[in-house]
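Inside the fold
The primary structure of each chain is shown beneath.
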Amino acid sequence: MNSEEIIGAIGTNYLQGGVSMVWVSNKFCLLDNLEPRPGEEGFSGVLPKLRFPLKVRLTVCVFCRKGRIDLRIQQKNYSVFPGSIIVIFGGQILESVYAEEGSKVIIVGINSEYIMTEIRGRHGRSLRQWVLHNQDPATVSMDDDEAENFEKLCQSLKFIMKNSGPDTADGILSGFTYIFASLLLKWRKRDVETESGLDYSREKEVLVRFQNDVHNFSRKDRTVGFYARRQCVSEKHFSRLIKKASGQKPLEIIREYVVLDAKSLLLSGKYSVKQVAELLGFQNHSFFTRFFRNSTGKTP
């Protein structure tokens, strides 16, 4: 997924009003549909026609200034309200997006390879902490002053980038990335401390860990026993906990995610059915075709 696809998936296909943006080669994009400012240019390119599910290649931050954005990512539903951000990490599967009428947002997309390069730098501590400790989409909330200052930060970046030469763009982007990561880490830690005081059931904790494991290991192992052993419980007890927490059997959740993964690969247009079968860890494409047909009623 490139920057244009991010705009198509989360941006101009859903947002009303003019969309302005700034780019730094293939490393970074920032767009918003806030009130246009003098001299700003809107998007005039041709957007690709996207079909969900799709696997996100950039790390994407969606900041809601007004309205509401609903997303389904990695088998979970998320809502972004005014003054909050959702961070979608590269490699995660975006299933759907809905923007409430009149929503105003700022979207920051950063190339995941660029982030991994930056975190190796001597100032990359905040980035390392953020990337390594957040493997699922993360939501972050702010107070009114923080939301206003964050908007000003993004608008300042747009102004600086549009009035700077290409020889200074990398340095400006590097500085913004560290500031951005530090703020996100600070706000996320505060949210986690608040959440830690909530009473989560044993079933809910097992379900969350199970879903994370499925996203990480489903290409290697699709047996219920594997995931039960990772949580040090019997397969029977594990299945009972998952059923109580989600209303689904563990195998149904595994199959659902494998199908999502398969669809995102097939819809990308980059792989043949045989290549998708290999990527997902099936013995051959015949086994994969049978699995896909049994799960969806259709062939790959």
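Preceding this paragraph is the structure being described.
Note that the structure is a prediction, hence the values are computed from the model and not measured.

A separate point is unusual backbone geometry. With a phi angle near 55°, Q74 is a residue other than glycine that sits in the positive phi range. Structurally, the position occupied by Q74 is in the loop between β5 (69-73) and β6 (76-80). Positive phi outside glycine occurs at Q75, with the angle close to 70°. Structurally, the position occupied by Q75 is in the loop between β5 and β6.

What follows is about the pattern of salt bridges. This model, assessed by the stated rule, comprises 12 salt bridges. Here K152 ties to E148 by a salt bridge, and the two come within 3.5 Å at their closest N and O atoms. In this pair, K152 and E148 both sit in helix α4 (residues 144-162), 4 residues apart, roughly one turn of the helix. The exposure class of E148 is partly exposed, given its relative accessible area of 36%. A salt bridge links R219 to D261; its shortest N-O distance comes to 2.9 Å.

Pairing in this open sheet of 6 strands is antiparallel, and the strands run β1-β2-β9-β4-β7-β10 from one edge to the other. For this open sheet the edge positions go to β1 (20-24) and β10 (138-141), each flanked by a neighbour on one side alone. Sheet twist, expressed as the average angle between the axes of neighbouring strands with direction ignored, equals 10°. Bridging between strand β4 (residues 58-66) and strand β7 (residues 84-88) involves 5 bridges; their strand directions are antiparallel. Directly across from V62, in β7, lies its bridge partner I86.

Conventions adopted
Residues numbered from 1 in each chain as written. Predicted model: local features only at pLDDT ≥ 70, side-chain atom pairs only at ≥ 80, totals over all residues. Heavy atoms only, no water. Helix = DSSP H or I, 4+ residues; strand = E, 2+ residues; numbered from the N terminus. Salt bridge = Lys/Arg side-chain N within 4 Å of Asp/Glu carboxyl O. Buried < 20%, exposed > 50% of the residue type's maximum accessible area, 1.4 Å probe, protein only. Pairing = 2+ DSSP bridges. Axes fitted to C-alpha atoms, helices over the stretch in contact; angles between N-to-C directions.

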